[in-house]
Amino acid sequence: MNFEPWDYDYSAVGDLVLDLRGDNFKIFDKDKMIWRDRSEYKNHLEYLEGSCPKIISNGINKTPIVRFNGNSMISCLNKIIEEGDQYTIISIARYSGKKRGRVISSRTNNWLFGFHEGSKNSLFTGSWIYKGNQDINDDWRIQVATVNPKEGEYSIRNQGIEIKKGEIVTSEKYSSIGEISLGAWRHPDEQGSECEISRLIIFKGVIQEEKIEHIEKILAITYSIGEDPVNNYLKWLDEFGESINSYPEIAKFGLKICLYDVIDLDKALKLIDFCNLYDFDIQMMKSDLMSFKGDEIEAMKSLHISYLLEPNNTLVIENLLNKSKSDNDIINMIHLLMVDSEKKQDIDVHNHLKNYNITKREKSNDSLLGIYYENEFLLLSGKYHLFFDKILSLIHI
């Protein structure tokens, strides 16, 4: 396992309804394109008006970005957020020329976020929530807004700092996102911008402040925004103290940093206790951690437990059986598998048990394959403990 913040799955934080990343923008010809949404909702942006934006492969921190020329607009024809719903929106974008209108707006509603007429930190939801502030610097910024029309509340953040919060007075003028548009508003020639967008993330619902900070700091690491973002994350993590127990996803990311980036095994050992031990990745990382510390027995145990947490992962099964075969320890493997066998998932190990012989005290016993066939019904009904008990009782030593 490696430390790869680029591939972080933001759906682990909340109800992710849109995630646009620069490398998922594809051009088919001069008037056909798609910006694929990474969320499970598949809210792709593929309606193009005006000229086609360009993909710049070597953008912020050498990652792809999408560049708009001031006469182009792309939209999603799905309504991402319903009118009365709460949402959290996060962007990494900037102005890149003299034409400075809207960057993130709507094809159908009078709504905008982030940028307006040269200002940043702007938010308009049918009426002005905050006009923002003029800023001649065209550096990349992580901007965030939360909008809760039911409770009449909003907040705006820039570079990890809350700059504005207050009440929203919802009236007949109130407008949500509608069909989101990038590069302009309603039409490509209406308040268009020369701008660049690297990332756009939208959640349904207002994300808890600690989780917003978590997202901001991961994005800062991913795109190298600000000074020393990795150590900033770890310092922020220290501020939680024991309360990190309430945020296993945050502890998990910190664990990855400690194991595969800064290599702080003592800190990693403390963080593992605050993680969700029913998480496949956590057991794999715990196995690595124990191995790094020279405790091969505990490393092996975590590797075995991970098998039941993601039983249909072929690579995991192969590694597990190869390791057990080399250690001549299949009996212990089965004992250890029982530790976490409450996890209700189908187990498909047929091909991996084929011709696998148990050797004990220099005697070769029958293959596990026959035992598997006889007791497969226990697996299919989710009775994992009974399955492993049955195997143990049938193995002749």
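Residues numbered from 1 in each chain as written. Predicted model: local features only at pLDDT ≥ 70, side-chain atom pairs only at ≥ 80, totals over all residues. Heavy atoms only, no water.

**Q** A description of the overall build of the protein chain should follow, citing residues and the corresponding values.
**A** Secondary structure assignment for the protein chain yields 11 helices and 20 strands. When each of the 397 residues of the protein chain is scored for burial, the buried share is 53%. Contacts in the protein chain between residues at least 24 apart in sequence constitute 62% of all its contacts with a sequence separation of at least 6. (Helix = DSSP H or I, 4+ residues; strand = E, 2+ residues; numbered from the N terminus. Buried < 20%, exposed > 50% of the residue type's maximum accessible area, 1.4 Å probe, protein only. Contact = heavy atoms within 4.5 Å.)

**Q** Let's hear about the packing of aromatic side chains: which residues, and what values?
**A** Taken as a whole, this structure holds 12 aromatic pairs when the rule is applied. Between Phe25 and Trp35, the ring centres sit 5.6 Å apart and the planes meet at 85 degrees, which makes this aromatic pair edge-to-face. Of this pair, Phe25 sits in strand S2 (residues 25-29) while Trp35 sits in strand S3 (residues 32-35), and the two are 10 residues apart along the sequence. The exposure classification of Phe25 matches that of Trp35, with both residues buried. (Phe/Tyr/Trp six-rings, centres within 6.5 Å; stacked < 30°, edge-to-face > 60°.)

**Q** Can you tell me about the environment of Gly160, naming the residues and giving the values?
**A** Relative to the helices and strands, Gly160 resides in the loop between strand S15 (153-158) and strand S16 (161-167). Looking at Gly160, the relative accessible area reads 32%, which means it is partly exposed. For the pair Gly160 and Glu213, spaced 53 residues apart in sequence, the C-alpha to C-alpha distance is 6.6 Å.

**Q** An account of the nonpolar core is needed here, citing residue identities and associated values.
**A** Membership of the largest hydrophobic core comes to 50 residues, with the highest contact counts inside it found for Tyr10, Phe203, Leu219 and Tyr233. Mapped by element, the contributors of at least two residues to this core are strand S8 (87-95), strand S14 (141-148), strand S18 (194-204), helix H1 (209-223), helix H2 (229-238), helix H3 (248-260), helix H4 (265-272) and helix H5 (280-292). Ranked by residues supplied to this core, first place goes to H3 with eight residues. Setting aside its immediate chain neighbours within four residues, Leu219 contacts Tyr10, Ile90, Ile92, Ile142, Arg199, Ile201 and Ser224. In this structure, Met33, Leu48, Val66 and Tyr174 belong to the second largest nonpolar core, which totals 39 residues. (Core = buried A, V, L, I, M, F, W, Y, C linked by side-chain atoms within 4.5 Å.)

**Q** Give me the lowdown on the side chain of Gln143, citing residues and values where you can.
**A** Structurally, Gln143 is set in strand S14. There is a polar contact of 2.8 Å between the side chain of Gln143 and the backbone nitrogen of Asn121. Leave out the neighbours within four places in its chain, and Gln143 touches Ile89, Ile90, Ser91, Phe113, Gly114, Phe115, Lys120, Asn121, Arg157 and Asn158. (Polar contact = N/O pair within 3.5 Å; in protein donor to acceptor, adjacent residues only side chain to side chain.)

**Q** Go over the packing of H1 against H3, please, and point to the residues and values.
**A** H3 packs onto H1 with a crossing angle of 25 degrees between their chain directions and a minimal axis gap of 10 Å. As judged from the angle between their axes, H1 and H3 are roughly parallel. The hand of the H1/H3 crossing is left-handed. The residues of H3 that touch H1, namely those facing Glu210, His214, Ile218 and Ile221, are Glu249, Ile250, Phe253 and Ile257. Broken down by class, the residue content of the contact of H1 with H3 amounts to five nonpolar, one polar and two charged. (Axes fitted to C-alpha atoms, helices over the stretch in contact; angles between N-to-C directions. Parallel < 35°, antiparallel > 145°, perpendicular 65-115°, else oblique. Left-handed = near helix turned anticlockwise from the far one by under 90°. Nonpolar A, V, L, I, M, F, W, Y, C, P; charged D, E, K, R; others polar.)

**Q** Go over H1 with me, naming the residues and quoting the values.
**A** Taking 1.5 Å per residue, 15 residues should reach 21 Å; H1 reaches 21 Å between its end C-alpha atoms and fits that length. Counting buried positions over the 15 residues of H1 gives 11, a clear majority of the element. (Expected span 1.5 Å × (residues − 1).)

**Q** A description of the pattern of salt bridges should follow, citing residues and the corresponding values.
**A** In total, this model carries 20 salt bridges according to the counting rule given. Between Lys120 and Asp139 there is a salt bridge, and its shortest N-O distance comes to 4.0 Å. Taken together, the residues Lys120 in strand S11 (residues 119-125) and Asp139 in the loop between strand S13 (133-134) and S14 connect sequence positions 19 residues apart. Between Asp281 and Lys252 there is a salt bridge, with the nearest N and O atoms lying 3.4 Å from each other. On the criterion of sequence distance, the pair formed by Asp281 in helix H5 and Lys252 in helix H3 is long-range, its members being 29 residues apart. You can call Asp281 partly exposed: its relative accessible area is 24%. (Salt bridge = Lys/Arg side-chain N within 4 Å of Asp/Glu carboxyl O.)

**Q** Mind laying out the side chain of Ser72, listing which residues take part and the relevant values?
**A** Relative to the helices and strands, Ser72 resides in strand S7 (residues 72-75). If we skip the residues at most four places from it in the chain, Ser72 touches Glu49, Ser51, Pro53, Leu182, Gly183, Ala184 and Pro188.

**Q** Give me H3: which residues, what numbers.
**A** Spacing of three or four residues puts side chains on the same side of an α-helix, whose turn is 3.6 residues. In this model, H3 (13 residues) spans 18 Å end to end at C-alpha, consistent with the 18 Å of a helix rising 1.5 Å per residue. Where burial is concerned, most of H3 is hidden: 10 out of the 13 residues are buried. Against H1, H2, H4 and H5 lie the buried residues of H3.

**Q** Account for the confidence of the model for the protein chain, with residues named and values stated.
**A** When the pLDDT values of the protein chain are averaged, the result is 84; 78% of them are 70 or greater. Within the model, pLDDT remains below 50 along residues 324-332, and this stretch shows 15 contacts once partners closer than five positions in the same chain are excluded. Throughout residues 335-367 the model reports pLDDT below 50, and contacts reaching past four residues in sequence, or to other chains, amount to 89 contacts. (pLDDT = per-residue confidence, 0-100.)

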